[in-house]
Amino acid sequence: MRFGMVHRIMTDALAALGVIALVASGQFNRYVSWAILIGLALALVVRESWQRHPALRHLDTGVLLVVIAVQVVRIVLTDASVLDVLVEFAAALQIIRLATRKGAAHDQQVIVLALLHLIAGTVLGGGLGYGLCFIGVLVVAPGALVLSHLRREVEGNYRQGARDRTGLPVDVPRILRSRRVVGRSFLAVTCLLSIPIFVFTAALFVIFPRVGLSLLLLNRGHTGRMIGFSGKVDLGAVGVLRSDPKLAMRVEIPDLPEPPPPRLTMHLRGTALDAYDGRTWTQSENFKRPTESDAGLVPIERYPDPSVDPVMRIDLEPIDPPVIFLPPNATGLRFKNRGQLGVEASTMAHRGPEGEFRYQPLDDRGLVYDVFLSRKRSPTFQRLSAADRRRYLELPRDLPTRVVELARTWTRGVDRPAERARAIQEHLRTEYRYDLASPSGADPHPLDHFLFESKRGHCEFYSTAMAILLRAVDVPTRNVTGFVGGTYNRFGRFYAVRQGDAHSWVEVYLDGEGWMTFDPTPPADAAPKSELVGVWAYLRDFIEATSQRWDRHIVGYDLNQQVSLLQTLTSRYRRSGSSGDVTLSRPRLLAVAAVAVALGGGLLYWRFRRSRRGREESRAGAGRTPSAILATALYESLESAMLAQGVPRPPSMPPLRHAEALELAAHPLAREILTLTQVYLRARFGGAKLTEDDSRDFERRVKALRAADLRALAAGEIELHGST
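Residues numbered from 1 in each chain as written. Predicted model: local features only at pLDDT ≥ 70, side-chain atom pairs only at ≥ 80, totals over all residues. Heavy atoms only, no water.

Quick word on the overall build of the chain
For the chain, the helix and strand inventory stands at 24 helices and 21 strands. Each of the 724 residues in the chain was classed as buried or not, and the buried ones make up 44%. Residue pairs in contact within the chain that sit at least 24 positions apart in sequence constitute 75% of those at least 6 positions apart. Just so you have it, the chain exposes about 38600 Å², and 59% of that area is on carbon and sulfur atoms. (Helix = DSSP H or I, 4+ residues; strand = E, 2+ residues; numbered from the N terminus. Buried < 20%, exposed > 50% of the residue type's maximum accessible area, 1.4 Å probe, protein only. Contact = heavy atoms within 4.5 Å. Areas by Shrake-Rupley, 256 points an atom, 1.4 Å probe, with all protein chains shown as cover.)

What follows is the structure in structure tokens.
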């Protein structure tokens, strides 16, 4: 492996990992991220010969000034964040240096920038992508640093006029092309240095817990924030999220059957709306008040009982507005603050109209919370005052008469509100077709057009139709938006709810029961979607489960987890001590045995390779006869004499070819040099023996050659060579 090539590869890998750590943080929007990645790829393929071209001598300075000017203009003339601009400039600076580097000094700058990018990625993101980049840097950084130092020393010696053992100036290009400087053992040892570094880093991580990145006021991550679930929904401008596969939340369900269902409908409500004007749903009330809290528990209709109520855990991604999603039978909440110091929950929650809950973000990493469920599966909201009942029965002023007639037709002969709701739900499910691109959205009366003309639409048309038709027959309703459910992740044992699972349904108030959930959208179209199947779905589930564990145990590692870890270790130690012996379960025993066998096998293989290499070197050394060794030493003295006479042999030219080239050039010393070179070659490679007399004669002739007067030789006054 060539020294220069290995050094460039490891330096490039380190720089790429640093830039990718920044991109993986989610700080950049999609276009900036692609621009940075494309610029990085182009910078990595630039040849060294192009970088040293005289016409590009000041290219780095010019490009850097342009980037600075562009970023300053963005800050002054746009609403771009200063943090965004600085991080983008850091990535651009690395790309410029990679494309215009010249020598080891610039390579060291590349390494320093890569390490700074890794630190910035810690603050900005810290997700699974950053974790993979961090592990890659641990493996590559030791080798890159050592090779960069070696190259810096080589180039420094060259600039100071250092010479090699033959007296020639240090040949930097030859050293960079050399295959003897860097071998497999060197790379293996430097990369294995990452193991003690990782162990030391992990120990520091466990001892010193994180106290929350929100203290730095930098972890904003706004580019990944979901948008939706506001207090206003336009009937003709929704429905496009059904195909979005981006993860919205992870939901852990208690008491799952075995095997768990691959898809589960949960109807996680976010926002409810009570006023419809013929096209748009809104909330007629507007208030926000802090929720009650007792020992970290937030009641909804009553305080939950943590000792008996089942618990559903939800890991919610950042969303704007920050809505809290609840199942239909929730009784209370308990927040799990990621990365916060202390035991008491510090997340602030507020209650809004129509049973809506929102939280005050402490940072932009979303929210983890527990939802306590009713053991009797009672609905969450059970009360409706007589004064409020009227607004849940209001109809649009310009509602066509045939809509009211349709409601009466579908519910003719049905008196109970629950039966009326089921009748209208069944008609909508069976007589209408689901369509994300419904033409009814462009009509001035979208609901009327959906019911009588197109008869196709997305979930908002179905829920609006059911809500208004029930109001027309004196049944209180409201429109609800949230997530319908999710698909099961076999690795993380949670349900992955995606943005494409956003949905709309209806809550119907039934006397004596409360607000009950009805979904008029056809079940096949309302079910959670999963676009990937087979191997791709398997890989997606693995990545999402790994990401969840990373966020929970690495990014969210705090004082609570540290105390829990110490308590677990202490309790295990006490149990093992009290039992008098330390026993391992069979799987753990097999794992320990496998590790021991692997380590033992690796050690034996290493010893075998080392002994084999030693035998090969011994055989190679044993193959050189004493005459060959003596001939090599004698030829080195000849090379020194040739250097003194101004005819040194280039390192890339064989000895015989050099002597023949001198003879073709009619050099006065050519005949003697050729004769001595032939003596060397016969003894070194031809098997000829050199006696002590031959050695003394060779040394005498070399001494004469060193002291020869070239002008006298050219005049024929001195006879240099003698008998061989």
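A few points about the side chain of Asp107
The residue Asp107 is located in helix H6 (residues 104-124) in this model. For Asp107, a relative accessible area of 4% puts it in the buried group. Once residues within four sequence positions are removed from consideration, Asp107 is found in contact with His7, Thr11, Arg101 and Arg151.

Overview of the nonpolar core
Counting 37 residues, the largest nonpolar core has Met249, Val251, Ile324, Phe325, Tyr369 and Val371 as its most contacted members. Take this core: its biggest share by element is 4 residues, from strand S15 (residues 367-373). Non-local contacts of Val251, meaning those with residues more than four positions away in its chain, are made with Met266, Leu268, Met312, Arg313, Ile314, Phe494, Tyr495 and Val497. One finds Val403, Leu451, Met466 and Leu510 within the second-largest nonpolar core, a separate group that totals 36 residues. (Core = buried A, V, L, I, M, F, W, Y, C linked by side-chain atoms within 4.5 Å.)

So, helix H12 (residues 401-410)
Those residues of H12 that sit buried are Val403, Val404, Leu406, Ala407 and Trp410. An end-on view of H12 places all buried positions within 155° of arc, on one side of the element. Tucked into the core, H12 has its buried residues touching helix H13 (417-431), helix H14 (446-454) and helix H15 (459-472). (Arc of directions from axis to C-beta.)

Comments concerning the pattern of salt bridges
As enumerated under the stated definition, the model contains 38 salt bridges in all. A salt bridge links Glu354 to Arg391, with the shortest nitrogen-to-oxygen separation between them at 2.8 Å. In this pair, Glu354 sits in the loop between strand S13 (348-351) and strand S14 (357-360) while Arg391 sits in the loop between helix H11 (386-389) and H12, placing the two residues 37 residues apart along the sequence. Through salt bridges with shared partners, a single network forms among Arg269, Asp274, Glu285, Glu354, Asp388, Arg391, Arg478 and Glu507. (Salt bridge = Lys/Arg side-chain N within 4 Å of Asp/Glu carboxyl O.)

Regarding the packing of helix H4 (residues 59-77) against helix H5 (residues 82-100)
Taken N-terminus to C-terminus, the directions of H4 and H5 make an angle of 170°; their axes are 10 Å apart at the nearest point. Considering the angle they form, H4 stands roughly antiparallel to H5. Note that H4 runs across H5; the crossing there is right-handed. Residues Leu59, Asp60, Val63, Leu64, Val67, Ile68, Gln71, Arg74 and Ile75 of H4 pack against Val85, Glu88, Phe89, Ala92, Leu93, Ile96, Arg97 and Thr100 of H5. Taken together, the residues that form the contact of H4 with H5 break down as 11 nonpolar, 2 polar and 4 charged. (Axes fitted to C-alpha atoms, helices over the stretch in contact; angles between N-to-C directions. Parallel < 35°, antiparallel > 145°, perpendicular 65-115°, else oblique. Left-handed = near helix turned anticlockwise from the far one by under 90°. Nonpolar A, V, L, I, M, F, W, Y, C, P; charged D, E, K, R; others polar.)

So, the pairing of strand S9 (residues 311-316)
In this structure, strand S3 (residues 247-252) lies alongside S9, joined through 4 bridges in antiparallel fashion. If you follow Val251 over to S9, its bridge partner there is Ile314. (Pairing = 2+ DSSP bridges.)

A look at the environment of Gly500
For Gly500, the position within the fold is in the loop between strand S19 (494-498) and strand S20 (502-510). A residue is classified by how much of its surface remains accessible, and Gly500, at 4% relative accessible area, is buried. For Gly500 and Pro528, which are 28 residues apart along the polypeptide, the C-alpha to C-alpha distance reads 8.2 Å.

Brief notes about the sheet that holds strand S2 (residues 232-234)
Sheet architecture is open: 3 strands sit in the order S2-S6-S5, paired in antiparallel fashion. Each of the sheet's edge strands pairs with one partner strand only, and the pair in question is S2 and strand S5 (275-276). Two elements, S5 and strand S6 (residues 280-282), share 2 bridges in a ladder whose sense is antiparallel. Note that in S6 the partner of Tyr276 across the bridge is Trp281.

So, a positive patch on the surface
Judged by side-chain charge, Arg2, Arg174, Arg177, Arg179 and Arg180 come together as a positively charged surface patch. Tracing the backbone through its elements, the reader meets Arg2 in the segment before helix H1 (3-24). (Patch = residues over 30% accessible without salt bridge, like charges linked within 9 Å, V, L, I, M, F, W, Y side chains within 5 Å. Lys, Arg positive; Asp, Glu negative; His and termini not counted. Charge placed at Lys NZ, Arg CZ, Asp CG, Glu CD.)

Section: a nonpolar patch on the surface
Together, Leu65, Ile68, Val72, Val73, Ile75, Val76, Leu77, Val82 and Leu86 line one region of the surface with nonpolar side chains, adding up to about 830 Å² of accessible area. The set of elements that each furnish at least two residues to the nonpolar patch consists of H4 and H5. Among the elements that take part in the nonpolar patch, H4 stands out by supplying 7 residues, more than any other. As for its placement among the helices and strands, Ile68 is situated in helix H4.

Comments concerning unusual backbone geometry
With the exception of glycine, the majority of residues adopt a negative phi angle, and the majority of peptide bonds are in the trans configuration. Of note, the bond from Glu258 into Pro259 is cis; its omega dihedral lies within 30 degrees of zero at -5°. By the secondary structure assignment, Pro259 is in the loop between S3 and strand S4 (263-273). Put simply, Asp320 and Pro321 share a cis peptide bond, and its omega is 0°. Tracing the backbone shows Pro321 in the loop between strand S10 (319-320) and strand S11 (323-324).

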